[in-house]
Amino acid sequence: MTNASPDAPVLRLTNTLTRTKDVFHPIDPQNVRMYVCGPTVYDFAHIGNARPVIVFDVLYRLLRHLYGADHVTYVRNITDVDDKINARALRDFPGLPLNDAIARVTSTTADQFHADVKALGCLEPNHEPRATQHIAGMVSMIETLIARGHAYVAQTQDGGEVLFDTGSMEAYGQLSKRNLEDQRAGARIAVDAHKKNPGDFVLWKLSSPEEPGWDSPWGRGRPGWHIECSVMSAHHLGEVFDIHGGGLDLIFPHHENEIAQSCCAHGTSVMANFWLHNGFVQVEGRKMSKSEGNFVTIHDLLHTDKFGGRKWPGEVLRLAMLMTHYREPIDFSVKRLEEAEALLQSWASLIQTVNIGLIRAKPSDEVVNVLANDLNTPEVVQSFAHRAAAIRAGEGSLEQFAADLCFVTGAPFKEIQAWYDLPQEQFDIADQKFGELWDRAGQAVLVQRPTVKDYVVASTLGLEPDDIARKVGHRLTLILEKNWAEADRVRDELSAMGILLKDGKDKDTGERVTSWEVKH
């Protein structure tokens, strides 16, 4: 048995380990297991950190649908042991003892992370272990690696550390496809004189009296970054599990070194059967960095006007991410957010009258089948636009459409309905942009310019507002010619497109004027 239901679609995922799109077969369909690298809690999560959280939330929801919510275990860790945390604690709380300052930094940052990802519509993982809770397990794994000849103690200028011996693992580099000999050829031997191989990495390093540390057979110290995830994943998911995920930047060295530690400690050929990685995030066409002045946190986007001069709802941020395939690079921009917001606005206008009691709990086969093809969220977004147009024409299930929106956006039904009640001032930027387009089009004054809301909604439904205006103008001409039958035909044509006409009189001239809006 590979699926909870024999009718379930075949799930295919692009596996970094094989570089191919492979059919997913869980080790145990009764307990599908996934581990995703979480945040290092020294600073608020930035928009690049948001992408894997969103991507793997979609996968988590899909797995729960395919195998049952009780048969999926999702682990996302928190790294609360790191030299960056120590540095931030010293900087922000110089008057506190270091351990107290570290606790203050990690607690504040972790709480903010939880609030941020909740706003992005992400479900909580089943387990969220912290590195500090698993120090004993890390010491034990390092002892095993030394005993099996895969690690050694080396003396450094700072005292000493335990290193993983990459040369002891024949398959090292299988994930990143990096050749160990190439690394040796490019090494700076003077810098790495204490290492057997230039690629050897730290498992344990000694701590000074001023630094946080734990007792170990090699002295008071702290773990290296990579050993943390090996131990936490094994503790909650076992020695070999189904899926390991994270950003593309983690393939090397982090995930490569996780595999090395885990396989050598457990005597297995793999750590996880599937490795999934999301692409990089740029901001307005440039690599995000504080030096570039384009470093944007999730908190900034949700609560300040630092990006685009306004706050952005979590649903918009999530949809903006899902409009690009998870494996592709994404350019995060104000324009992208505006596009996502306009889509949500148009969809929300459709489901205002839906009774929540009629909403089906499960997503449609259409959505599930598309997501089962390597999480093809852009195709799902496109299908929503087509389905919305069909529903306006009287075809398709409005209730199922609402259920699918909830499944993909992660937003409760009532929150999506509320989208149509957003303040008009949130569309000032779009108003100016579309106003300029409208004026340049030279529309007849008898066809009144629509509200920006209707202009945006019509555009996202695949309709051309200028074409609508021309049809409305043509109808007015037919009315002046007393060609009532043809005028009614044009009205019916527009109605079939989801456009409602409203006739009135110009307050100055008394002439007939017509406005249009999208049917709600």
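Residues numbered from 1 in each chain as written. Predicted model: local features only at pLDDT ≥ 70, side-chain atom pairs only at ≥ 80, totals over all residues. Heavy atoms only, no water.

(A) Representation of the nonpolar core within the structure. If you look at the biggest cluster of nonpolar residues, it comprises 74 residues, and the most contacted ones within it are Leu63, Phe332 and Trp347. Among the elements that line this core, the one with the most residues is helix α1 (residues 47–67), at 13 residues. The residues that make up this core include at least three from each of domain 1 (12–278) and domain 2 (281–409). Other than its neighbours up to four places away in sequence, Phe332 contacts Ile47, Val281, Gln282, Val283, Glu284, Leu301, Phe307, Leu317, Ala320, Met321 and Leu337. (Core = buried A, V, L, I, M, F, W, Y, C linked by side-chain atoms within 4.5 Å. Buried < 20%, exposed > 50% of the residue type's maximum accessible area, 1.4 Å probe, protein only. Helix = DSSP H or I, 4+ residues; strand = E, 2+ residues; numbered from the N terminus. Domains from an automatic or database assignment. Contact = heavy atoms within 4.5 Å.)

(B) Examining the sheet that holds strand β13 (residues 330–332) more closely. Overall, mixed pairing links the three strands, which are arranged β12-β11-β13 in an open sheet. Across the chains shown, the open sheet's two edge strands, defined by having one partner strand only, are β12 (286–287) and β13. Of the strand pairs in this sheet, strand β11 (residues 281–283) and β12 are connected by two bridges, and their pairing is antiparallel. What sits directly across from Val283, in β12, is Arg286. Against the sheet, α1 contacts β11 and β13, and its axis sits at roughly 145 degrees relative to β11. Lying over the sheet, helix α9 (residues 314–322) contacts β11 and β13, oriented at roughly 150 degrees with respect to β13. (Pairing = 2+ DSSP bridges. Axes fitted to C-alpha atoms, helices over the stretch in contact; angles between N-to-C directions.)

(C) Inspection of the UniProt feature "binding site: Zn(2+)" (unreviewed entry) in the protein at higher detail. The residues that UniProt annotates with the feature "binding site: Zn(2+)" (unreviewed entry) are Cys37, Cys229, His254 and Glu258. Across 222 residues of sequence, these annotated residues stay compact in space, with a maximum C-alpha separation of 11.1 Å. The subset of the named residues that lines the largest pocket consists of Cys37, Cys229 and His254. Once residues within four sequence positions are removed from consideration, Cys229 is found in contact with Tyr35, Cys37, Asn77, His254, Glu258 and Met271. Residues contacting His254, with those up to four places away along its chain left out, are Cys37, Trp225, His226 and Cys229. (UniProt positions renumbered as here; feature names shortened; annotations may be inferred. 1 Å grid on protein atoms, 1.4 Å probe; cavity = no way out; pocket = protein on both sides within 12 Å on 5 of 7 lines; lining within 4 Å.)

(D) Spotlight on the packing of aromatic side chains. In total, this model carries nine aromatic pairs according to the counting rule given. Between the aromatic rings of Trp347 and Phe384, the centroid separation amounts to 5.3 Å while the plane-to-plane angle is 80 degrees, which identifies the pairing as edge-to-face. Here Trp347 is found in helix α10 (residues 334–350), whereas its partner Phe384 is found in helix α12 (residues 377–392), with 37 residues between them in sequence. Feature note: the residues Phe24, Tyr67 and Phe274 constitute an aromatic cluster, connected by ring pairs. Above the ring of Tyr152, the side-chain terminus of Lys196 is found at 4.7 Å from the ring centroid. One residue, Arg310, lies across the ring of Trp312, its end atom 3.9 Å from the ring centre. (Phe/Tyr/Trp six-rings, centres within 6.5 Å; stacked < 30°, edge-to-face > 60°. Lys NZ or Arg CZ within 6 Å of the ring centre and 35° of its normal.)

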